[in-house]
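Take a look at the letters that make up each chain.
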Amino acid sequence: MAFWLPVLILYTIEIMNLTATHINYYIICHRKLWLFANGINMEHTSDMVYDGKLLHETSYPQRNDKYNEIDISASYEGISLFGKIDFYDAKNKIIHETKRSNKVEKANEWQAKFYIWLLALNGIEDVTAILEYPTMRERTTVHLQEPDRVFLGEAIRTIASLVSAERCPARINSPICKSCSYYELCYVEE
């Protein structure tokens, strides 16, 4: 008597490097996230992205001697997570993130929470982040709460599912689209 056991095929979503950029784009636009994650990068064509990099490099030159930019990684449910923190004050446990504007402040906050979470996954607790908007002369303090950890865990799973989808999500037709580096790609009409 022969047995036939059902063969289970488990689909494993593989994302080599899920980064803070994925979190940021997840909050802003799922289409932008999908395009970015699937190798369609438009940031190199964006003046706003260039301005943001220049702002990061020139806004706080004194920090280069005092704080270190750090790369951090962790694994969560088999997904590799990576982050590059602008400046980290290890003594005071403060992340400093320089941002061009607060137009997408919610996405900026979740990106900072992702960094705090990555540090926590590495055993570094009680970290705070400060989002700095030098051109606006504003600062926002960001803390990670337990509901935020739950949200990030769910977001990681959703991002993994979104980016592995065969079809690109529909465009969102939001006012933020006009300042997006993917604008021309999304709104090209043949």
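Residues numbered from 1 in each chain as written. Predicted model: local features only at pLDDT ≥ 70, side-chain atom pairs only at ≥ 80, totals over all residues. Heavy atoms only, no water.

Q: What's the story with the state of the cysteines in this structure? I'm lost.
A: In a disulfide, the sulfur atoms of two cysteines are held together by a covalent bond. Summed over the entire model, instances satisfying the criterion amount to zero disulfides. Between Cys168, a cysteine without a disulfide, and Cys186, which holds the nearest cysteine sulfur, the sulfur-to-sulfur distance is 6.7 Å. (Disulfide = S-S within 2.5 Å.)

Q: Before we go on, may I ask you to explain the pairing of strand S3 (residues 79–89) in this structure?
A: For a regular strand, side-chain orientation follows a simple rule: the groups alternate between the two sheet faces. Of all 11 residues that make up S3, eight are buried, and the element is covered over most of its length. Taken together, the two bridges between strand S1 (residues 18–19) and S3 define a ladder with parallel strand orientation. Residue pairing in the sheet places Thr19 in a bridge with Phe82 of S3. Direction of pairing for S3 relative to strand S4 (residues 94–98): antiparallel, over a ladder of three bridges. If you follow Phe87 over to S4, its bridge partner there is His96. Once S3 ends, the chain turns through four residues before running back antiparallel as S4, passing Lys93 with a positive phi of about 55 degrees. (Buried < 20%, exposed > 50% of the residue type's maximum accessible area, 1.4 Å probe, protein only. Helix = DSSP H or I, 4+ residues; strand = E, 2+ residues; numbered from the N terminus. Pairing = 2+ DSSP bridges.)

Q: How should the packing of aromatic side chains be read in this particular structure?
A: For any two aromatic rings, the description comes down to two numbers: the centre-to-centre distance and the angle of the planes. Per the stated rule, a full pass over the model turns up seven aromatic pairs. Measuring from ring centre to ring centre gives 4.9 Å for Tyr76 and Trp117, while their planes differ by 65 degrees; the resulting arrangement is edge-to-face. Placement of the pair is Tyr76 in strand S2 (residues 68–76) and Trp117 in helix H5 (residues 105–121), with a sequence separation of 41 residues. Where Phe114 meets Tyr115, the ring centres are 6.4 Å apart and the plane angle is 55 degrees; that geometry is what we call tilted. Residue classification places Phe114 among the buried residues on the basis of a relative accessible area of 0%. Residue Tyr115 is classed as buried on the basis of its relative accessible area of 4%. (Phe/Tyr/Trp six-rings, centres within 6.5 Å; stacked < 30°, edge-to-face > 60°.)

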